[in-house]
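# Chains, contacts and geometry: an overview
Next come the chains, spelled out residue by residue.
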Amino acid sequence: MLFSLIAIVVLFYYFAKDPSKCLALVFAWYPTMVLLPICKGVNVTTLFIYLLLFYSLYKYGTKRFFSFPFLVPFAVCIGSYFVSAIFGHKIALSVAKWVEQYFFVWSIWVLYKPTKENNKFLFYNLMGYLIVLDIYAMVESVTIMNPFLDYLRSSGVDIPHQASHYVRYGLYRSQSLTVWTSIMAVASGMGAIFFAYSFFAKILKPSLILYVVWILCLIGVFISGARSVMVVVAITALGFLKHLVNIKYIFILGFVAFVALSMTGDFFSEVIDSFINPDEAGGSSVEQRGLQFLVAYRYWMNAPIIGNGLDFTNLLVAQNVGLLGAESIIFRLLIDRGILGFISFVFLYAYSCWMLRKMGLSFLSFILIGFAFGKVVALLFTLDEAYPFFYVVLLMKMYNEENLRHLKSYLILLSLKNKKERSPL
């Protein structure tokens, strides 16, 4: 496939040049790159994530891997995948693909060096991806055409085909360069939040392109029509809201809100009304979710401890047994991985939030909490529970490097001051 070949050539070039840059590209383009197949069961992301993983092990050994702060919950979750894959009713030989996002986070922890050059490369590539993603989404919303996804479907990639009447708030809900409209919204929203955290930590400097990206990302979230992702973005933003208690930011945000409401007041009225009356806005109603849970419960009881096996839920969805799209990770955890998988999911986020608090980075917990909410209410297909750790671990490394830089500057100034005080008159 043409797009797969282009991605492979570019990524191999950067891997040979600097594996950190290859890692940055996989991170930035992941929501789209995960759709590009190489062969059955192996995508471009799978190939390069494991290439980066083995390179990390070869170059740094296991010591850095064991220093990973989320080692325990990651090991528990990966273990639950393997147990269900091996002992479930449906044996899954492609388990490596299911856990690739966990290993990618590990690779970020070991490989990524938050130097100014690396950060600049990562930021600008992510900005470039988000600009393409959101402008393409706006064009699709107007034209109701998506040649990129049509090409992938014609090549055998399993991507849902949205009907032309898939509309919310008067706009066609764009998939853009991702598998589903909610994934486009998550990529846009999480990207905007990542830049906001970096900006308020003074890792990322203000620029015109940054403001443009923020605006495009917010547009992407709203035109997706994904109410759940709007809530996800709101939750993930809670960690830096304290920085907005500043007259400058209050004035800027107030002005932007005034302009937006003046130009698109009817649109935002519909958005607010959809939260007040969710059953009238489309999507699965509360009653439908209740019926889905009853069906999920019946199949969960067939293998309550370890589950029926990875991807078993998708087989049920294809058979139209009443699960509809099984639009919550709770259904899929119980059916595929049983109570073991459900406990591992809860443990992953609970332990990680506790660990972030212990490290003095509790504000980053909102990224995990927001994404967990999204998985529970909307599944976010192709972005598994390890996905928000891409952002969390990168921010952890950047914050630690920035703090270390400030500490070195302070010690140098203190040393110079002491020398000056000891020098004879």
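As shown above, the structure is provided for reference.
Throughout what follows, the structure given in this document is the object of discussion.

The rules we used
Residues numbered from 1 in each chain as written. Predicted model: local features only at pLDDT ≥ 70, side-chain atom pairs only at ≥ 80, totals over all residues. Heavy atoms only, no water. Buried < 20%, exposed > 50% of the residue type's maximum accessible area, 1.4 Å probe, protein only. Helix = DSSP H or I, 4+ residues; strand = E, 2+ residues; numbered from the N terminus. Axes fitted to C-alpha atoms, helices over the stretch in contact; angles between N-to-C directions. Parallel < 35°, antiparallel > 145°, perpendicular 65-115°, else oblique. Left-handed = near helix turned anticlockwise from the far one by under 90°. Contact = heavy atoms within 4.5 Å. Nonpolar A, V, L, I, M, F, W, Y, C, P; charged D, E, K, R; others polar. Salt bridge = Lys/Arg side-chain N within 4 Å of Asp/Glu carboxyl O. Core = buried A, V, L, I, M, F, W, Y, C linked by side-chain atoms within 4.5 Å.

### Points about helix H12 (residues 227–236)
- Counting buried positions along H12 gives 8 out of 10 residues, so the element sits mostly inside the fold.
- Taken together, the buried positions of H12 are occupied by Arg227, Ser228, Val229, Met230, Val232, Val233, Ile235 and Thr236.

### Notes on the packing of helix H2 (residues 19–33) against helix H3 (residues 44–60)
- Put simply, H2 and H3 touch, their axes get as near as 10 Å, and they point 150° apart. With respect to their mutual orientation, H2 and H3 come out roughly antiparallel. The crossing of H2 and H3 is left-handed. Here Pro19, Cys22, Leu23, Val26, Tyr30 and Met33 of H2 come into contact with H3, specifically with Val44, Thr45, Phe48, Ile49, Leu52 and Tyr55.
- Across the contact of H2 with H3, the residue classes tally to 11 nonpolar, 1 polar and no charged.

### Notes on the packing of helix H10 (residues 181–200) against H12
- Following both chains from N to C, one finds H10 and H12 inclined at 15°, their axes separated by 9 Å at the closest point. The angle between H10 and H12 places the two elements in the roughly parallel class. The interaxial crossing formed by H10 with H12 has right-handed handedness. Within the contact between the two elements, H10 uses Ser182, Ala185, Val186, Gly189, Met190, Ile193 and Tyr197 and H12 uses Val229, Val233 and Thr236.
- Its residues assigned to classes, the contact of H10 with H12 shows 7 nonpolar, 3 polar and no charged.

### A closer look at the pattern of salt bridges
- Summed over all chains, the structure comprises 4 salt bridges.
- Salt-bridge contacts for lysine 21 lead to glutamate 117; the nearest nitrogen and oxygen are separated by 3.1 Å. A residue pair is termed long-range when its members are at least 10 positions apart, and lysine 21 in helix H2 and glutamate 117 in helix H8 (residues 116–143) qualify at 96 residues.
- Put simply, arginine 337 and glutamate 385 hold a salt bridge, and the shortest N to O gap is 3.1 Å. Placement of arginine 337 in helix H16 (residues 329–358) and of glutamate 385 in the loop between helix H17 (365–378) and helix H18 (388–422) is noted, with a sequence separation of 48 residues between them.
- Among the charged side chains, a salt-bridge network with shared partners connects Asp18, Lys21 and Glu117.

### Quick look at the nonpolar core
- Of all hydrophobic cores here, the largest spans 123 residues; its most connected members are Phe70, Phe194 and Phe195.
- Top contributing element to this core by residue count: H10, with 14 residues.
- Not counting residues up to four positions away in its chain, the partners in contact with phenylalanine 70 are Ser352, Met355, Leu356, Met359, Phe389, Val392, Val393 and Met396.
- By size, the runner-up hydrophobic cluster in this structure holds 9 residues, among which are Leu323, Ala326, Phe331 and Ile335.

### Looking at unusual backbone geometry
- Phi at lysine 202 takes a positive value of approximately 65°, unusual for a residue other than glycine.
- One can find lysine 202 in the loop between H10 and helix H11 (208–223).
- Overall, lysine 202 belongs to the exposed group, its relative accessible area being 66%.
- Although it is not a glycine, leucine 379 adopts a positive phi angle of roughly 70°.
- Note that leucine 379 resides in the loop between H17 and H18.
- A residue is classified by how much of its surface remains accessible, and leucine 379, at 9% relative accessible area, is buried.

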